[in-house]
Amino acid sequence: MHLLRVLATAAVAVLAVSHAAADTFPSRPIRILLPQGAGGGADIVARMMAPEMQKRLGQPVLVENRPGGNESIAPDAVAKSAPDGYTLGVISATHSVNQTSAGIKLPFDPQMAFVPVAPMMSLPMVVIVNSSLGIGDVKTLVARSKAAPGTFNYGSAGPKTFAGIATEWFVRVSGADITGVTYGTKGILQGLVSNDIQMAFGGQAASAPIVQTGKAKVIAVTSGKRAASLPEIPAVAETYPGFDVTPWYGFIAPAGTPAPVVEQLNRAIGETMRALTPRLLEMGNEPMVMAPAEFQAFLNRDVQAWTRIVDAVK
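Residues numbered from 1 in each chain as written. Predicted model: local features only at pLDDT ≥ 70, side-chain atom pairs only at ≥ 80, totals over all residues. Heavy atoms only, no water.

### Quick look at the overall build of the protein
A tally of helices and strands in the protein yields ten helices and eleven strands. Its C-alpha atoms give the protein a radius of gyration of 22 Å, near enough to 20 Å, the size a compact globule of 314 residues would have. In terms of overall dimensions, the protein has a C-alpha envelope of 80 × 40 × 30 Å along the principal axes. Across the 314 residues in the protein, those meeting the buried criterion constitute 51%. Put simply, of all contacts in the protein between residues at least 6 apart along the chain, 78% involve residues at least 24 apart. Only carbon and sulfur atoms are counted for the fraction: they give 59% of the accessible area of the protein, which is about 14000 Å². With 25 positive and 22 negative side-chain charges, the protein shows a separation of 2 Å between the mean positions of the two kinds. (Helix = DSSP H or I, 4+ residues; strand = E, 2+ residues; numbered from the N terminus. Rg over C-alpha atoms; globule rule 2.2 N^0.38 Å. Buried < 20%, exposed > 50% of the residue type's maximum accessible area, 1.4 Å probe, protein only. Contact = heavy atoms within 4.5 Å. Areas by Shrake-Rupley, 256 points an atom, 1.4 Å probe, with all protein chains shown as cover. Lys, Arg positive; Asp, Glu negative; His and termini not counted. Charge placed at Lys NZ, Arg CZ, Asp CG, Glu CD.)

### Brief notes about the pairing of strand 9 (residues 216-221)
Burial runs high along strand 9: five of the six residues are buried. Sheet topology places strand 5 (residues 126-130) next to strand 9; five bridges connect them, and they run antiparallel. Within strand 9, the position partnered with Val-129 by the bridge is Lys-217. (Pairing = 2+ DSSP bridges.)

### Thoughts on the sheet that holds strand 10 (residues 248-254)
The strand order across the open sheet built from six strands is 2-1-3-10-4-11, with neighbouring strands paired in mixed fashion. The sheet is open, and its two borders are formed by strand 2 (61-65) and strand 11 (286-287), each paired with just one other strand. By the bridge criterion, seven bridges tie strand 4 (residues 114-122) to strand 10 in an arrangement that is antiparallel. If you follow Pro-116 over to strand 10, its bridge partner there is Ile-252. In the packing of helix 2 (residues 41-57) onto the sheet, contacts are made with strand 1 (30-34), strand 2, strand 4 and strand 10, and the angle to strand 2 comes to roughly 160°. Along the sheet face, helix 10 (residues 292-313) touches strand 3 (87-92), strand 4 and strand 10 and points at about 80° away from the line of strand 4. (Axes fitted to C-alpha atoms, helices over the stretch in contact; angles between N-to-C directions.)

### Looking at the sheet that holds strand 7 (residues 178-182)
Strand order in the open sheet made by the five strands is 7-6-8-5-9, with mixed pairing throughout. The open sheet is flanked by strand 7 and strand 9, the only strands paired with a single partner. Within the sheet, the average angular offset between the axes of one strand and its neighbour, ignoring direction, is 30°. Relative to strand 8 (residues 199-202), strand 6 (residues 152-156) runs parallel, the two being bridged by two bridges. Among the inter-strand pairings, Gly-155 is bridged to a residue of strand 8, identified as Ala-200.

### Here we look at the environment of Lys-225
Mapped onto the fold, Lys-225 is located in the loop between strand 9 and strand 10. By relative accessible area, Lys-225 is classed as exposed at 64%. Linking Lys-225 and Ala-79, residues 146 residues apart in sequence, is a C-alpha distance of 34 Å.

### Overview of the packing of aromatic side chains
To describe a pair of aromatic rings, you give the distance between the ring centres and the angle between the ring planes. Evaluated as defined, the whole model comprises eleven aromatic pairs. With a centroid separation of 4.8 Å and an interplanar angle of 25°, the aromatic rings of Trp-169 and Phe-243 are classed as stacked. You can see Trp-169 sitting in helix 6 (residues 162-174) and its partner Phe-243 sitting in the loop between strand 9 and strand 10, a full 74 residues away along the chain. A relative accessible area of 1% places Phe-243 in the buried class. Through a chain of ring-to-ring contacts, the aromatic side chains of Trp-169, Phe-170, Phe-201, Tyr-240 and Phe-243 assemble into a single cluster. The ring of Tyr-86 carries Arg-28 above its face, with NZ or CZ at 3.7 Å from the centroid. (Phe/Tyr/Trp six-rings, centres within 6.5 Å; stacked < 30°, edge-to-face > 60°. Lys NZ or Arg CZ within 6 Å of the ring centre and 35° of its normal.)

Here is the structure:
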């Protein structure tokens, strides 16, 4: 009985601390650590979100770029931060890929080091081809590659990157005869324009300038259904059912962050995403709003999906 009373007292104390933290949170600026450099899609959106979040939280929201380590440096800094809600991290689908056999050796336990806070957005990639090829859809792309073995290449930042694995999965699913070529991130579109590579999976915003010149053409989106921003462009899944590789971003906090604080942050982020929805859709981003438990379930499914994809391309 004495032990039960001690445990009950401890539980009440923990709850009291959690509620006290929520009552006073936030009382100072909040940091968001990004796993990518300045100027990228997530960086642009996070900086759009910061003033909207500040309106709802009453404290400055600061965005810091921590690129590198295949997007593991920023989460590592979050994992080592105090679990008080004042340090958030942004993760992407690369966080899921890093947990598969294709991933890197991580300096933290991705299943234990964090609590999910809220999703940010998904942003379907586009399948782009060199316009001079006269290819208008993925079925024709696959057929042309088979008819000319060894002459079609795709570009990516590497075979273990998100886009590299995703494109190779497309090759396996479709039976295309297309070989991967590793480029620096900025070199992929240049390679496509020069016809050194014939196709690539790219971001909508990053691909837009060369598409607008007419030197490249979008023939599909990589999500399981058509993108809201490009409703006229078919999904790869319309030709190859079940194909779905959709980049996403979301927020995490250090493990042990009080639940009331997580819930408060979740509400502020959700309200921010709703407020920014028209602007985000114009940019090709699709806002996501979920409760923390829903986001955790989403993360679990994503790791499982990428484990299957990585196993399929080995």
